[in-house]
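Results of the structural survey
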Amino acid sequence: MTERKQLLIVAHAPSPNTLRLREAVAGGARHEDVEAVDVKVLPPLEAGPDDVLACDGIILGTTENLAYMSGALKDFFDRSYYPCLEKTQGLPFAFYIRAGMDGTGTRRAIESITTGLRWRLVQDPLVCKGEYRAEFEDQCRELGLYMAAGLDAGLF
């Protein structure tokens, strides 16, 4: 019997569109072909260090706010950084950004914090930029599926 892995999705979803993206990530992660991964979805203000310490991989999601991540995701990092710093090195992660502009500052901020945590980026960041398009949901579904499938297969 295979040990089940835990995938944590911490994503800010302040609008119907961003909620659809978060649900698409979770839906992809819960794909029927992924057999040994449990998925936990939390908004950033409800997630904390205990959730990170209990997971085998994490997907972060945020809006682009003034060329930075959402305040809610920043708050999650503020509360989790030091309790996780020495205990989660190498944690596989991926992230997506819902960007009205280009997402550059948001991406840089997330990469800076996760580099400090020494987490391991296992997929290229997904930046859903510009006017909202339904294809963003397909891209988010794939992000969730690939992350969960990688955990399931023991790739990370």
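Preceding block: the structure.
Within any chain, residue numbers begin from 1 and follow the written order of that chain's sequence. In keeping with the predicted nature of the model, local features appear solely for residues at pLDDT of at least 70, side-chain atom pairs appear and are counted solely at 80 or more, and the whole-chain, interface and lining totals rest on all residues. The side-chain quantities take in all heavy atoms of the structure and omit both hydrogens and water.

**Notes on the nonpolar core**
The biggest cluster of nonpolar side chains holds 24 residues, and the ones touching the most others in it are Ile-58, Leu-60, Phe-76, Phe-77 and Trp-119. For this core, the secondary-structure elements that each account for two or more residues are β1 (5-11), β3 (57-63), α3 (71-85), β4 (92-99) and α4 (104-117). Secondary structure elements follow DSSP: runs of H or I no shorter than four residues count as helices, runs of E no shorter than two count as strands, and numbering proceeds from the N terminus. Element by element, the count of residues in this core is highest for α3, at 5 residues. Once residues within four sequence positions are removed from consideration, Phe-77 is found in contact with Leu-60, Met-69, Ile-113, Thr-114, Leu-117 and Trp-119. Among the nonpolar cores identified, the runner-up in size contains 23 residues, and Ile-9, Leu-21, Leu-143 and Leu-151 belong to it. Grouping buried Ala, Val, Leu, Ile, Met, Phe, Trp, Tyr and Cys residues that are joined through side-chain atoms within 4.5 Å yields what is termed a nonpolar core. Partly exposed describes any residue whose relative accessible area lies between the buried limit of under 20% and the exposed limit of over 50%, with all areas from a 1.4 Å probe on protein chains only and scaled to the type maximum. Contacts are assigned to residue pairs with any non-hydrogen atoms lying within 4.5 Å of each other.

**Looking at the pairing of β3**
The side chains of a regular strand alternate between both faces of the sheet. Within β3, 7 of the 7 residues are buried, leaving the element largely enclosed by the surrounding structure. Two strands qualify as a pair provided DSSP detects at least 2 bridges between them. By the bridge criterion, 5 bridges tie β1 to β3 in an arrangement that is parallel. Bridge assignment links Ala-11 to a residue of β3, and that residue is Gly-61. As paired elements, β3 and β4 share 6 bridges and run parallel to each other. The partner of Gly-61 across the bridge, within β4, is Tyr-96. Between the parallel pair β3 and β4, the chain is carried across by α3, and the sense of this crossover is right-handed. Handedness of a crossover: with both strands directed away from the viewer, a clockwise path from the first strand across the helix to the second marks it as right-handed.

**What about the packing of helix α1 (residues 16-29) against helix α5 (residues 135-152)?**
In a packed pair of helices, the relevant descriptors are the angle between the two axes and the axis-to-axis distance. Interhelical geometry of α1 versus α5 gives an angle of 35° and a closest axis separation of 6 Å. The handedness of the crossing between α1 and α5 comes out as right-handed. For the pair formed by α1 and α5, the contact residues are Arg-20, Leu-21, Ala-24, Val-25, Gly-28 and Ala-29 on the first element and Phe-136, Glu-137, Cys-140, Arg-141, Leu-143, Gly-144, Leu-145 and Ala-148 on the second. Residues are sorted three ways: Asp, Glu, Lys and Arg are charged, Ala, Val, Leu, Ile, Met, Phe, Trp, Tyr, Cys and Pro are nonpolar, and all the rest, Gly among them, are polar. Counted by class, the contact of α1 with α5 contains 9 nonpolar, 2 polar and 3 charged residues. Orientation is described by axes fitted as lines to C-alpha atoms, over the contacting stretch for helices, and by angles from 0 to 180 degrees between their N-to-C directions. Should the near helix be turned anticlockwise from the far one by less than a right angle, the crossing is termed left-handed; should it be turned clockwise, right-handed.

**Considering the environment of Pro-92**
Of note, Pro-92 is situated in strand β4. Distance in space between the C-alpha atoms of Pro-92 and Trp-119 is 6.1 Å, their sequence separation being 27 residues. Ignoring sequence-local partners within four residues, the contact set of Pro-92 consists of Asp-56, Gly-57, Ile-58, Arg-120, Val-122, Met-147, Leu-151 and Phe-156.

Interpretation in functional terms is not warranted from these geometric data alone.
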